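Here is what each chain is made of, one letter per residue.
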Amino acid sequence: LLNCGLRVPPSAGSASGVLPNPVGYNRVYVYLGKKFSWNQWWEGLRAGRSFVSNGPLLRCQANGEWPGHVFTAREGKTLEIKLKASVTTRDPIASLEIIKNGRVERSVPFAEWKKSGTLGSLQFKESGWFLVRAIADNPTTFRFASTAPYYVEIGKNKRRISKASTQFFLDWVRERRDRVKLDNSEQRMEVLNYHLAAERYWMDLLELANAE
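Here is what the cut-offs are and how they apply
- Every chain begins its residue count from 1, and numbering advances along the sequence as written.
- This being a predicted model, a pLDDT of at least 70 is required before a residue's local features are given, and a value of 80 or more before pairs of side-chain atoms are given or counted; all residues contribute to the totals for chains, interfaces and linings.
- Side-chain figures throughout are based on the complete set of non-hydrogen atoms in the structure, without hydrogens or water.
- A run of H or I in DSSP counts as a helix once it spans at least four residues, and a run of E counts as a strand once it spans at least two, with each numbered from the N terminus.
- Throughout this description, buried means an accessible area under 20% of the type-specific maximum (1.4 Å probe, protein chains only), exposed means over 50%, and partly exposed covers the range between.
- Here the accessible surface of atoms and residues is derived via Shrake-Rupley with a 1.4 Å probe, and residues count as covered only by protein chains that are part of the display.
- In this text, buried Ala, Val, Leu, Ile, Met, Phe, Trp, Tyr and Cys residues form a nonpolar core when linked through side-chain atoms within 4.5 Å.
- Pairing between strands requires that DSSP locate at least two bridges from one strand to the other.
- Distance and chemistry together define a polar contact, namely a pair of N or O atoms within 3.5 Å, with one atom able to donate a hydrogen and the other to accept it when in protein, and with adjacent residues in sequence counting only for side-chain atoms on both sides.
- Here, residues are in contact when the closest pair of their heavy atoms is within 4.5 Å.
- Lines fitted to C-alpha atoms define the axes, with helix axes restricted to the stretch in contact, and inter-axis angles between N-to-C directions lie between 0 and 180 degrees.
- The scheme is simple: roughly parallel for angles under 35 degrees, roughly antiparallel for over 145, roughly perpendicular for 65 to 115, oblique for anything else.
- For any pair of crossing helices, the crossing counts as left-handed if the nearer helix is rotated counterclockwise from the farther one by less than a right angle, and right-handed if it is rotated clockwise.
- Only Asp, Glu, Lys and Arg are considered charged in this grouping, and only Ala, Val, Leu, Ile, Met, Phe, Trp, Tyr, Cys and Pro are considered nonpolar; every other residue, Gly among them, is considered polar.
- What counts as a ring pair is set by centres within 6.5 Å for rings of Phe, Tyr and Trp (its six-membered ring), and what kind of pair is set by the plane angle: stacked under 30 degrees, edge-to-face over 60, tilted for all other angles.
- Put simply, a charge is over a ring when the Lys NZ or the Arg CZ is close to the ring centre, within 6 Å, and near the line of the ring normal, within 35 degrees.

### Focus: the overall build of the protein
Along the protein, the regular secondary structure elements total 4 helices and 11 strands. Across its three principal directions, the C-alpha atoms of the protein cover 65 × 50 × 35 Å. The 212 residues of the protein split such that 39% are buried. Accessible surface, the protein as shown: approximately 13100 Å² in total, 52% of it carbon and sulfur.

Below you can see the structure in the form of structure tokens.
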């Protein structure tokens, strides 16, 4: 979804009572600054100033900014972003990973990070997004933390829209559409209207794709 130019802040829920998770096992933390209020928390979550976790605490800043920030630059300019992190964990962590446009850009060994507190820097010549995550070494479960995405806008293409990622969702919608089997034609069209609307959405977005 992020590769399709959609900006979706992560959230979390324990599903306690449905899954064998204790209350509060999957969590989302939101940066509020000095002011704490209900509205401030929701505004921070909506803006993506957050990280999600079911274990480690992962607090990151990029050029001094919290997750959710949008970095901008003129066409032809290379944007350099320096990353710092603070990690608290009970489980061992082998490395911290920097994800850029959906791929692992770099893995920083935990011991190396611990010496400096920094994760190095990233360079962007085109629009995109990135985040930082930490995966714990826990043999009984998948335990991790991930920041919300940061976004980069360079030049006229404000958002990076991947053709391959958009095509994935278009194909998915069509696959689900073809599974609809109803003998009553009126009921069938009532259900298919939502699939057709989704198909049109992804087709239009595919026309705007500016990256592979």
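### Quick look at the nonpolar core
Core analysis: the biggest nonpolar cluster contains 28 residues, and I81, L83, L119 and F130 have the highest contact counts within it. Broken down by secondary-structure element, the contributors of at least two residues to this core are β3 (57-62), β4 (70-73), β5 (79-88), β6 (93-100), α2 (110-116), β8 (118-124), β9 (128-136) and β11 (150-154). No other element matches the 5 residues that β5 contributes to this core. With 7 residues, the next largest nonpolar core counts F169, L170, V173 and L205 among its residues.

### Let's talk about the pairing of strand β10 (residues 144-147)
Bridge count between strand β2 (residues 50-53) and β10: 3 bridges; the pairing is antiparallel. Residue pairing in the sheet places S53 in a bridge with A145 of β10.

### Quick word on the environment of K181
Among the secondary structure elements, K181 is positioned in the loop between α3 (163-178) and α4 (185-207). In this structure, the C-alpha to C-alpha distance between K181 and V191, residues 10 residues apart in sequence, is 10.0 Å. At 3.3 Å, the side chain of K181 and the backbone oxygen of D178 are in polar contact.

### Description of the side chain of N101
Along the chain, the position of N101 falls in the loop between β6 and β7 (103-109). Exposure remark for N101: the relative accessible area of 17% places this residue in the buried category. Looking at N101, its side chain comes within polar contact range of the main-chain nitrogen of W129, at 3.0 Å. In this structure, N101 is in contact with N3, F124, G128, W129 and R160, ignoring residues within four places of it in sequence.

### Details of the packing of α3 against α4
Relative orientation and spacing of two packed helices are given, respectively, by the angle between their axes and the distance between those axes. Closest axis-to-axis distance for the α3/α4 pair is 9 Å, and the angle between their directions is 165 degrees. Considering their axes alone, α3 and α4 lie roughly antiparallel with respect to each other. The crossing of α3 and α4 is left-handed. For the pair formed by α3 and α4, the contact residues are K163, T166, Q167, F169, L170, V173, R174, R176 and R177 on the first element and L192, H195, L196, A198, E199, W202, M203, L205 and L206 on the second. Here the residues of the contact of α3 with α4 sort into 10 nonpolar, 3 polar and 5 charged.

### A look at the environment of F71
When you line up the elements, F71 lands in strand β4. Overall, the relative accessible area of 7% leaves F71 in the buried class.

### Looking at the sheet that holds β3
Across a sheet, paired strands are connected by hydrogen bonds in the backbone, their directions being either parallel or antiparallel. Spatial strand order, β3-β5-β8: 3 strands in an open sheet with antiparallel pairing. Two strands close off the open sheet at either side, each with one partner strand: β3 and β8. Across the sheet, the mean angle separating the axes of adjacent strands is 25 degrees when strand polarity is ignored.

### Digging into the packing of aromatic side chains
Evaluated as defined, the whole model comprises 15 aromatic pairs. Ring plane angle 35 degrees and centroid distance 5.1 Å describe the contact between F142 and F144, whose orientation is recorded as tilted. Of the residues examined, F144 reaches a relative accessible area of 23% and is grouped as partly exposed. Considering the side-chain rings of F168 and W172, the 5.9 Å spacing of their centres and the 55 degrees angle between planes classify their relative orientation as tilted. Here the residue F168 and the residue W172 both occupy positions in helix α3, the gap between them amounting to 4 residues, near one helical turn. In this structure an aromatic cluster arises from ring pairing among F168, F169, W172, Y201 and W202. R7 extends its terminal NZ or CZ atom over the ring of Y151, reaching a point 4.5 Å from the ring centre.

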